[in-house]
Each structure stands twice: as structure tokens, then as C-alpha cells.
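# Examining the three-dimensional arrangement
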Amino acid sequence: MKLIDLIIIGGGPAGLAAACQAKENGINNILLLERENVLGGILKQCIHNGFGLQYFQKELTGPEYANEFIEKIHKLKIPYKVNTMVLSIQPNKTIITSSKEEGYVVYQAKSIILAMGCRERPRGAIRIPGTNPSGILTAGTAQKFVNIDGYIPGETCVILGSGDIGLIMARRLTLEGVKVKAVCEFQPYPGGLSRNIEQCLIDYNIPLMLSHTVVAIHGKKRVTGVTIAKVDEHFNIIENSKQEIACDTLLLSVGLIPENELTSQMGIKMDQVTSGAMVNQTLETSIKGVFACGNVLHVHDLVDYVTMEGNRAANYATTYLNNSKNLMKKRITVIADKGIRYVMPQYIDIGEKNEKITIYFRSKEIYREKNTIVKCQKKIISRHKNLRLMPAEMEKILVKTEDISGDTIYVGVDTND
Amino acid sequence: MIRKMTCIVCPRGCEMDVEYEKNTFIGVLNNFCSKGEEYARDEIISPKRVVTSTVKVIGGDLLMLPVKTDKPVNKEKIFDIIKKIYQVKVTAPIEINDVLLSNIDDNGANLVATSSTINITK
């Protein structure tokens, strides 16, 4: 069994950033594990621009963004293995892997960074009635077909869900000659970033149908059409609003799920809302020395934020490996209160030193000109004015540990003002 | 006239109020940074976008090579540019940033590779 100080699972943007940062922090005995044949993760198929404005202060495409880190991995001589699948992780940080080249290999890690990313919700997760013909794909699968393999998935298309990948694919397919007839969104507001509504739909006159969903899929061998309908404010289908749209392809962009089978199998406590691990402010899970970052922890809006979280995870793993931890005195639970869907971190561990802690959160619905507040024992300890709060956009608020009393703090939208 | 505009320069997506008269830009409100003003001015005078796509590769470890225009191009020219991109076929190896087609928009923008690909036939 090989003993490794830090094993990073996943060679996408989170894992790449974590590996580079850990190496720069002086951790030399690192191993990065990736199941695909190359590093870069999902960035390889995200050929559009708009990445890197926050992190690199320049606009890059997905492959360019990945390249910045892959070059660095080579320059820093960080060991990595591709085509290597992690089969399981034990609570004592034993990692069992399998690869064609080396077969069954077992590693013992001192610390682990989980960076496995996320996957798309499939048709089964949203239970659309109808037949089961070919031509129903997730937006990301269609993206891989078009951008990596060079295939066009169909000629006429309806997209269900207005997540960013769905919006990007609406534009991409249009440029490749596919007629995108509509993007339907169940919610009364779009799921993706405003800029993508603008540059992917409005630029190409693709209709965005809010409060609409697909209620049936037609076709035996191949999709021949879908029936869409309007939903009311309680998400009930309005019967007389049904209309059929002829198409041969249905793309689904209905959300992402952190890929956490390894995490939950090793007994780490999970958050039911984020579908990621529950962590403290050092991104440490319920197992000491195991950290999580990027989309495996919670789904991010931007790869730039994933990179930043990867860097943070590496810094905390370095602190752990160097035994220079701020000793924990008390654990505080962070609760998503009024109007807030989830918070991250879910815990704050108060140590001997005072800290400023950033709490990330998403709202449940759209709010304008509202304050986000953090309360403990009915006292407001932090307040942040938001011009616009949207479920599609992650927000943050700062708290100081010295302001916290009691053992629970609540993050909520102040709906009184 | 005043038009609502969502800035696409960064993910912040500022909802700006842009004042204009026909093709003349007058001013902008509710933009967080100066890039918003630049975008709004362009959007009124002549809207521009970076075009990204893929081209076929011969002999590479990639089947399709991702490409982009190295500058934003006029929005009306996007489909002409896509047609030109369809015609491009490259032979590996290609380095990231290699120019594959110069002056693709007749206005100084080049088509460049956004990834490298090695030759696997040698």
C-alpha cells in the first residue's frame, strides 16, 4: 500500500486548482486521480467563452481555462493518474482504485480532497410521462456529442429547463443549424445567468417560456414531438394551455446533482438540500482530514468560484497536514432561515483565534432591494444589502466569530424592510 | 429613448438603463463598472460577440478542435463566420492560440485554436 500525504479525487477545475495550490504550499507527496483519459473535467466540452473573468481577469473559453491549470500541473511536476477510477474510500482514508494500466491499487492517504464534481439530473428524476424513444438527452450529453465527438443530435429541438448548460446549448445548436423551437422553464424565473438569457436566447430569437413544462413526449422509435403546458403558481398544469410542438430532440437542463456516492459510502454526513457533504468553514467534512470543494460540495454558478474553493480546500488540507489547526472550542450550526434555500458551510467551528467567516447561500426565490441578515439569539450580527437575490446566483455574507453567541446562527432574508 | 439592457460582460449581469437616440449612445445608469458602459455603447452602435465553435481535425488526439474569434465580431456577421468555420479542416499537431484563419470577419478578427492537439498518426 502506497502512503500519500494528499490525494485529490477528480481532475476537473476544483481538483486541478487544489493540486496546484497544495504543491505551492509545500506539500510534495500529492496524487491527483482522474477517471477520464485526460485532465480538465467538464471544461473540455465547454467551448464557449465567458470563463475566467473573476479569477484571471481575462475572458477565456473552457478548454483555455483548463489549459492554464494543466500546464501548471506539468510545470510543478504534480503526479497524476488518468483512466483511474476510485472504487471506494474507507473512513480511515484508504482509497481503492482500479485502472487498465495498473489494475487494482490501494493507497493510504493522510488527507483527501473530494473534487468529483456533479452530474446532470436525467429524465427519470423529473418523471415526464410518455413514450421512451431516442432523442431525449441531457444538455451536457448533447454538448459532448457536438463539441467533442462532432455529432449533431437532431434537427429540431425543444429544451426543458433554463439552466446555463441548456441556454448555452440552445445557442450552440442554433449555430450548428438545428432549429431550437423553445426553452421551457417550470419556474416563473430563469434557471441560468441573466447574461446567458441575453446572449444565447434573445440574440437568436429563441422563445423562453417561463412557467411552462413538458407534460408528454411523443414518438415510438424517435421523438416526434412534445406536449408543453403552462403551470400555475402552485405548479399545477393548466389543462387548456396544452400545445404540441413537433421536434425530434428533447434536451433536459433540469439541474445538477453533486456526485457523492464515494462520499456517502465512506460515512460522511450529507446535506439533504445541497446533496453535498456538510462542512465547516475549512471545508472539512465530518471525517477529519477529508475536505470537499467545487461542485461535489454544492453546485456553483461559475468555474472561477470552483477554482477559488479548490484553492481554499488545499490551504486547509495543508494546515491539517502541518498540524497547525486553530483548536476547536465550540461548534456552531448555521441554519438556512426565511427565504434561503441552503447555506455553506453548515457548521462554524470557533477556535482560539477570532475569524471572519464567509457564508455562501442561495435564495429560494427572487427578492429585490432586500437585506440578508445573520441572527443569533434574536440579535442581528450581520447585514448585507442585496440589489437582487436570485436562486440562480450564489451570494455571500460575512460574520465575525466574536459576534456569535449561543450554538446556532440563522441566515435569512429580512422581509420586513 | 431609454432601453433596459442586461450586460453580458461578466456573470454579474447588471440590469442597466441605457439612453440612446437612434444609433447614438447618450448614457448609461445602473452599471457596476466601466465595462458596462463600453458594452452598452457597442450594443447601441454596433453589437459585437465572440464566436466559438469547433473544426474537424485530421490525425489528432481530438476529433474536433475548439476554436474562437480572437476579438468580438459584428453580431450580424455571426452566421457568415460560422459558415466559414465549417469549411476549415486542420491537421494535427495544433498549438493553443494558433491562427487557423486570419481576418475571418474582414475586420481584423482571426480564428484561433483554444486547445492544443497532438498528432497520433506518427
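In what follows, the structure referred to is the one given above.
Residues numbered from 1 in each chain as written. Chains lettered and ligands numbered in written order. Predicted model: local features only at pLDDT ≥ 70, side-chain atom pairs only at ≥ 80, totals over all residues. Heavy atoms only, no water.

## Describing the packing of aromatic side chains
Residue and element names in this part refer to chain A. Stated precisely, the cut-off is as follows: A pair of Phe, Tyr and Trp rings is counted when the ring centres sit within 6.5 Å of each other, with Trp represented by its six-membered ring. The angle between the planes then sorts it: under 30 degrees is stacked, over 60 is edge-to-face, the rest tilted. Residue burial is assigned from relative accessible area. The probe radius is 1.4 Å, only protein chains are included, and a residue is buried under 20% of its type maximum, exposed over 50%, and partly exposed in between. Runs of E in the DSSP output that reach at least two residues are strands. Runs of H or I that reach at least four are helices, and both are numbered from the N terminus.
Summed over all chains, the structure comprises 8 aromatic pairs over all chains. Ring plane angle 90° and centroid distance 5.0 Å describe the contact between Y55 and F56, whose orientation is recorded as edge-to-face. Judged by relative accessible area, Y55 falls into the partly exposed class, the value being 26%. Seen in terms of ring centroids, F291 and Y320 are 6.1 Å apart; in terms of plane orientation they differ by 75°. Their pairing is edge-to-face. Of this pair, F291 sits in strand β19 (residues 290-292) while Y320 sits in helix α7 (residues 303-321), and the two are 29 residues apart along the sequence. Among the residues examined, F291 registers a relative accessible area of 1% and is labelled buried.

## Structural notes on the pairing of strand β2 (residues 15-21) of chain B
Residues and elements named next belong to chain B. Basically, it comes down to this: Paired strands, in this sense, are two strands between which DSSP finds at least two bridges.
Note: strand β1 (residues 2-6) against β2, 5 bridges, orientation antiparallel. Looking across to β2, one finds that T6 is bridged to E15. Bridge analysis of β2 against strand β3 (residues 24-29) gives 5 bridges, and the strand direction is antiparallel. Along β3, the bridge assignment pairs Y20 with F25. In sequence, β2 turns back onto β3 through a hairpin of 2 residues, with K22 there showing a positive phi of about 50°.

## As for the pattern of salt bridges
Where we set the bar: Note on definitions: salt bridges are taken to be side-chain nitrogens of Lys or Arg within 4 Å of carboxyl oxygens of Asp or Glu.
According to the stated counting rule, one finds 27 salt bridges over all chains in the structure shown. A salt bridge links R388 of chain A to E393 of chain A; the nearest nitrogen and oxygen atoms lie 3.4 Å apart. Neither R388 of chain A nor E393 of chain A differs from the other in exposure class; each is buried. With its nearest N and O atoms 3.2 Å apart, the salt bridge here joins R49 of chain B to E43 of chain B. Where salt bridges share partners, they join R35, R119, E259 and E261 of chain A into one cluster.

## Some words on the environment of T131 of chain A
All names here are of chain A. To keep things clear, this is the line we draw: Throughout, a residue-residue contact means that at least one pair of heavy atoms, one from each residue, lies within 4.5 Å.
The residue T131 is located in the loop between β9 (118-120) and β10 (136-138) in this model. On the basis of relative accessible area, T131 is assigned to the partly exposed category, the value being 33%. Separated by 265 residues in sequence, T131 and K396 have C-alpha atoms that sit 43 Å apart. Other than its neighbours up to four places away in sequence, T131 contacts R123, I217, H218 and G219.

## Focus on the interface of chain B and chain A
To keep it simple, the criterion reads: Accessible surface is computed with a 1.4 Å probe, and the buried area is the amount of it that two parts give up when combined, taken over both parts together. What qualifies as a polar contact is a pair of N or O atoms within 3.5 Å, subject to a donor-acceptor requirement within protein and to the restriction that residues adjacent in sequence count only when both atoms come from side chains. When residues are sorted by character, Ala, Val, Leu, Ile, Met, Phe, Trp, Tyr, Cys and Pro go into the nonpolar class, Asp, Glu, Lys and Arg into the charged class, and all the rest, Gly among them, into the polar class.
Contacts between chain B and chain A engage 28 residues on the former and 31 residues on the latter. When chain B packs against chain A, close to 2,500 Å² is buried across both sides, 52% of that on carbon and sulfur atoms. Considering only the surface of chain B that becomes buried against chain A, I8, P11 and T52 of chain B emerge as the three largest contributors, covering 22% of it. On inspection of chain B and its partner chain A, the count reaches 5 salt bridges. We note a salt bridge from R388 of chain A to E15 of chain B, for which the minimum N-O separation is 2.8 Å. Linking chain B to chain A there are 13 residue pairs in polar contact (both at pLDDT 80 or more). Every element with two or more residues in the side of chain B that touches chain A is listed here: β5 (52-58), β6 (64-69) and α2 (78-87) of chain B. It is α2 of chain B that contributes the most residues to the side of chain B that touches chain A, 4 residues altogether. Residue classes in the side of chain B that touches chain A are distributed as 15 nonpolar, 8 polar and 5 charged.

## Notes on the layout of surface pockets
Using the following cut-off: Cavities and pockets are defined on a 1 Å grid built over the protein atoms alone: a cavity is a set of grid points where a 1.4 Å probe fits but cannot escape, while a pocket is an open set with protein on both sides within 12 Å along at least five of seven lines, and lining residues are those with an atom within 4 Å of any such point. Grid points are joined across faces, edges and corners, and a volume is the space filled by probe spheres set on the points.
If you add up the space inside the second largest pocket, you get close to 1,300 Å³. Surrounding the second largest pocket, 39 residues form its lining, R388, E393 and E395 of chain A together with P11 and R12 of chain B being those nearest its centre. Counting residues per element, the lining of the second largest pocket draws most heavily on strand β25 (residues 379-389) of chain A, which supplies 5 residues. Across the lining of the second largest pocket, the residue classes tally to 16 nonpolar, 8 polar and 15 charged.

## Digging into the side chain of N49 of chain A
Relative to the helices and strands, N49 of chain A resides in strand β3 (residues 49-51). Among the polar contacts made by the side chain of N49 of chain A, one reaches the side chain of E59 of chain A at a distance of 3.2 Å.

## With respect to a nonpolar patch on the surface
All names here are of chain A. Defined as follows: In this scheme, patches are assembled from residues that exceed 30% relative accessible area and form no salt bridge. Like charges are connected within 9 Å, while nonpolar side chains (Val, Leu, Ile, Met, Phe, Trp, Tyr) are connected within 5 Å. In this description, accessible areas are obtained by the Shrake-Rupley approach with a 1.4 Å probe, and a residue is regarded as covered only by the protein chains that are shown.
A surface patch of nonpolar side chains, about 330 Å² in accessible area, is lined by M85, L87 and Y104. By the element assignment, Y104 lies in strand β8 (residues 103-114). For Y104, a relative accessible area of 59% corresponds to the exposed category.

## Quick notes on α2 of chain B
Test applied: Read the arc as the range of directions from the helix axis to the C-beta atoms.
Within α2 of chain B the residues assigned to the buried category are I78, I81, I82 and I85 of chain B. Across the axial projection of α2 of chain B, the buried residues extend over an arc of 105°, all falling on one side. Turned more than 90 degrees off the buried face of α2 of chain B, the exposed positions are K83 and Q87 of chain B. Taken together, the buried residues of α2 of chain B touch α4 (164-175) of chain A together with β4 (48-49), β5, β6, β7 (73-74) and β10 (111-113) of chain B.

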